[in-house]
Amino acid sequence: MSLKGKTAIITGSTSGIGLGIAKGFANKGINIVLNGLGDKNDIKKLCAEIENMEVKCIYHNADMTKPDEITAMIEVAVEAFGSIDILVNNAGIQHVSPIEDFPPEKWNEIIAINMSSAFHTTRAAIPYMKKQGWGRIINIASAHGLVASPFKSAYVTAKHGLLGFNKTVALEVAQDNITSNAICPGYVLTPLVEKQIPDTAKARGISEEEVKRDVLLAAQWTKKFVSIEEIAGTALFLCSDYAQNITGAHISIDGGWTAA
Ligand code: NAD
């Protein structure tokens, strides 16, 4: 079945992995609802770029810490496109700090954006997917949904929780032709990761190149960063008919990190 003419909401799609998925989807004829933070004019340009691929694109600025705004985004998308076919829960932030110094407000923000927002989008989208008898939910988790690293307590907790949510959703909608799956990337060079490099270099007294090789890629056996295109391609595969019996699963794209 062609995905042309379907509609996808991708949270946190003004940057990085989410934007890459939006472009990859648009390239297959899927209409896009962009979401995320950023400068209004820059976002307008992103929408125009996506519309150049002969699909429709709208932007909604729902803040993923605000359940009411999330529900409003789903309703706006349905008004614009008639329904929602694909939901990608991708928005995410990071904060790195020992537990005893971890600011409680950062903990709450990470749990809200990286985990709870997926509950709010999914609960609002499922009735539309059930009504039309087709849906694809993709949760962008992380290798940190499967294993921990020190100083990332909130992130690791949120991503483990997201994998539990993913499995629960899969069971609840299994007979409605709706699948729910997670993608667990290793390190991808996006703004989220690039921001951590200078600080880590300073903290450890090593060069930025050494941070990439000896810290970020230390557990990635391929010694390569994961590309955004690999994640977008996997998301497209999960939307395809080949994946109709894949549900409640996670696909690791982590260069062997979690195999070790
Ligand atoms: P990014 O910083 O490039 O993008 C994050 C997106 O989330 C942006 O569009 C940002 O505006 C949006 N966002 C942040 N706070 C928001 C809020 N309150 N409301 C709405 N949108 C908000 O980061 P990325 O690397 O592309 O990360 C995307 C997802 O991939 C995240 O869930 C992240 O945890 C996950 N991930 C990233 C990596 C990596 O190495 N980059 C690895 C594994 C998993």
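Please read all numbers here as calculations on a predicted model, not as lab measurements. Starting from 1, residues in each chain are numbered consecutively following that chain's sequence as written. Confidence filtering applies because this is a predicted model: local features only for residues at pLDDT of at least 70, side-chain atom pairs given and counted only at 80 or more, and all residues used for totals across whole chains, interfaces and linings. Computation of side-chain values: all heavy atoms of the structure, hydrogens and water removed.

Looking now at the packing of aromatic side chains. Aromatic pairing here means that ring centres of Phe, Tyr or Trp (its six-membered ring) are within 6.5 Å. Orientation follows from the plane angle: under 30 degrees is stacked, over 60 is edge-to-face, and everything else is tilted. Evaluation of the coordinates by the stated rule reveals 2 aromatic pairs. An angle of 80° between the planes, with centres 6.4 Å apart, marks the rings of Phe119 and Phe165 as edge-to-face. Note that Phe119 is positioned in helix α4 (residues 104-132) and Phe165 in helix α5 (residues 153-172), a separation of 46 residues in sequence. Relative accessibility decides the category of a residue: with a 1.4 Å probe and only protein chains considered, values under 20% of the type maximum give buried, values over 50% give exposed, and everything between is partly exposed. Using a relative accessible area of 21% as the deciding quantity, one classes Phe165 as partly exposed. Relative to Trp257, the ring of Tyr187 has its centre 5.5 Å away and its plane inclined at 15°; by these criteria the two rings are stacked. One end of the pair, Tyr187, is in the loop between β6 (178-185) and α6 (191-194); the other, Trp257, is in the segment after β7 (250-253), and 70 residues separate them in sequence. Neither Tyr187 nor Trp257 differs from the other in exposure class; each is buried. Only when the NZ of Lys or the CZ of Arg is both within 6 Å of the ring centre and within 35 degrees of the ring normal is a charge said to sit over the ring. The lysine or arginine in question, Lys6, covers the ring of Trp134, its NZ or CZ lying 4.3 Å from the ring centre. Helix and strand assignments follow DSSP, with helices taken as H or I runs no shorter than four residues and strands as E runs no shorter than two, numbered in order from the N terminus.

Right, let's get into unusual backbone geometry. Phi at Phe151 is positive, roughly 75°, even though this residue is not glycine. Considering the arrangement of structural elements, one finds Phe151 in the loop between β5 (135-140) and α5. Even without being a glycine, Lys223 presents a positive backbone phi close to 60°. Tracing the backbone through its elements, the reader meets Lys223 in the loop between α8 (208-216) and α9 (228-239).

With that settled, consider the packing of helix α3 (residues 67-81) against α4. Here the axes come from fitting lines to C-alpha atoms, over the contacting stretch only for helices, and the angles between their N-to-C directions go from 0 to 180 degrees. With their axes 9 Å apart at the nearest point, α3 and α4 run at an angle of 30° to one another. α3 and α4 meet at a crossing whose hand is right-handed. Of the residues in α4, those in contact with Pro67, Ile70, Met73, Ile74, Glu75 and Val78 of α3 are Ser117, His120, Thr121, Ala124, Ala125 and Tyr128. Rotating anticlockwise by less than a right angle from the far helix to the near helix defines a left-handed crossing, while the corresponding clockwise rotation defines a right-handed one. For this analysis, residues touch if any pair of their heavy atoms sits within 4.5 Å.

The next subject is α5. An α-helix turns once every 3.6 residues. As a result, residues three or four positions apart point the same way. One less than the residue count of a helix, multiplied by 1.5 Å, gives the span that helix is expected to have. With 20 residues, α5 extends 29 Å between its outermost C-alpha atoms, agreeing within 8% with the 28 Å of an ideal straight helix rising 1.5 Å per residue. Buried residues of α5: Ser153, Ala154, Tyr155, Val156, Ala158, Lys159, Leu162, Leu163, Asn166, Val169 and Ala170, and no others. The elements touched by buried residues of α5 are α4, β5, β6 and β7.

Bringing the sheet that holds strand β2 (residues 31-35) into the picture now. As summarised here, the arrangement of the 7 strands in space is β3-β2-β1-β4-β5-β6-β7, forming an open sheet in which the pairing is parallel. Either end of the sheet is taken by a strand with one partner, and the two such strands are β3 (57-60) and β7. Direction aside, neighbouring strands of the sheet carry axes that sit 15° apart on average. Here β2 pairs with β3 via 4 bridges, running parallel. Note that in β3 the partner of Leu34 across the bridge is Tyr59. Across the sheet, α5 lies against β5, β6 and β7, angled at about 160° from β6, the strand it touches most. Contacts from α9 reach β4 (86-89), β5, β6 and β7, with the element oriented near 160° to β6. Note on pairing: two strands pair once DSSP finds at least 2 bridges between them.

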